[in-house]
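# Structural overview
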Amino acid sequence: MSPPLLEIACFNAESALIAQDAGADRIELCKEQELGGTTPSWSTFKSLYDALEIPIYVMIRPHGRDFMYSDGECRDMERDLETFKQEGAQGFVFGILNEQGTVDKERCRGLVLKAEGIPCTFHRAFDEISETDMLKQLELLIEVGFRAVLTSGGGKNAVEGKEMLRELVAAAKGRIDVIAGGGVRSSNLEMLRKETSAPVFHSSAIVDVGGGEIASRDEIRMLDRLLNE
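These lines cover the structure that appears in this document, whether it is placed above or below. (Residues numbered from 1 in each chain as written. Predicted model: local features only at pLDDT ≥ 70, side-chain atom pairs only at ≥ 80, totals over all residues. Heavy atoms only, no water.)

### Describing the packing of aromatic side chains
Applied cut-off: Ring pairs shown here join Phe, Tyr and Trp side chains whose ring centres sit within 6.5 Å, with only the six-membered ring taken for Trp; geometry is labelled stacked below 30 degrees between planes, edge-to-face above 60, and tilted in between. For helices the rule is a DSSP run of H or I covering at least 4 residues; for strands it is a run of E covering at least 2, with both sets numbered from the N terminus onward. Accessibility here uses a 1.4 Å probe with only protein chains present; expressed as a share of the type maximum, an area under 20% marks a residue as buried, one over 50% as exposed, and anything in between as partly exposed. Each ring is checked for a lysine NZ or an arginine CZ that lies within 6 Å of its centre and within 35 degrees of its normal; such an atom marks a charge sitting over the ring.
Under the criterion given, the structure shown has 5 aromatic pairs. Taking the centre distance of 5.3 Å and the plane angle of 55 degrees together, the rings of Phe-94 and Phe-146 count as tilted. Of the two residues, Phe-94 sits in strand 4 (residues 91–94) while Phe-146 sits in the loop between helix 5 (134–144) and strand 6 (148–151), which places them 52 residues apart along the sequence. Measuring from ring centre to ring centre gives 6.4 Å for Phe-122 and Phe-126, while their planes differ by 85 degrees; the resulting arrangement is edge-to-face. Of the two residues, Phe-122 and Phe-126, both sit in the buried class. An aromatic cluster of at least three residues, connected via ring pairs, comprises Phe-94, Phe-122, Phe-126 and Phe-146. Taking NZ or CZ as reference, Arg-26 lies 4.4 Å from the ring centre of Tyr-57, over its face.

Below is the structure:
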């Protein structure tokens, strides 16, 4: 069995370059860490596309207030996805909820179709869904065509949500990748891997308590080593 993949959330080009050098399998590219990530600039993507060999998954999120969007904002998401698709993005990360707090099926399906087969991940908007609805909503994501879902299992972090993460991985049965994310660090990765059996782990690898946005090379190397032991 292949070891789990390591995805590093990068809020700047420097972190992405560090991530590749330190052993990450792919990048989730976004900006504005304090908002949980929003759509990155085209110029940042372009500079990294020419420099990186590992896949770049681009976040498509026009604002960081919540996960509901106006018709105009949805058109912006479509336009951004099309731009990054034309420039060579190897994956997209987005999520849209409706007023009931569940997956907005039609709007998400529209973006997945616009991606034209490029893998799409439903991001941590999933953690806003009631835990009692998560397994049903996971089936909806599979129906819509998502290849992966990034989640902490509804907890504040993946450690708190490890039981639900385990349930989601079991329910997915390989039909969709459950990416364990939210506070994943080398200090808890071994436990999370054992407890959840997730096929992908997601971390920003930011360990600067001073509030920096640069990923730690040493932390990524440790994460990579733990996943490949």
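Resuming the write-up.
### Brief notes about the side chain of Ser-204
Put simply, the test is: A 3.5 Å cut-off defines polar contacts: any pair of N or O atoms within that distance qualifies, except that in protein one atom must be a possible hydrogen donor and the other a possible acceptor, and neighbouring residues in sequence count only when both atoms are side-chain atoms. Only heavy atoms matter for contacts: two residues are in contact if any of them lie within 4.5 Å across the pair.
Here Ser-204 is to be found in the loop between strand 8 (200–203) and helix 8 (217–227). With relative accessibility at 14%, the residue Ser-204 sits in the buried group. Within the local environment of Ser-204, its side chain forms a polar contact with the side chain of Arg-185, the two groups lying 3.2 Å apart. Residues in contact with Ser-204, not counting those within four places in the same chain, are Ile-8, Ala-9, Phe-11, Arg-185 and Ala-215.

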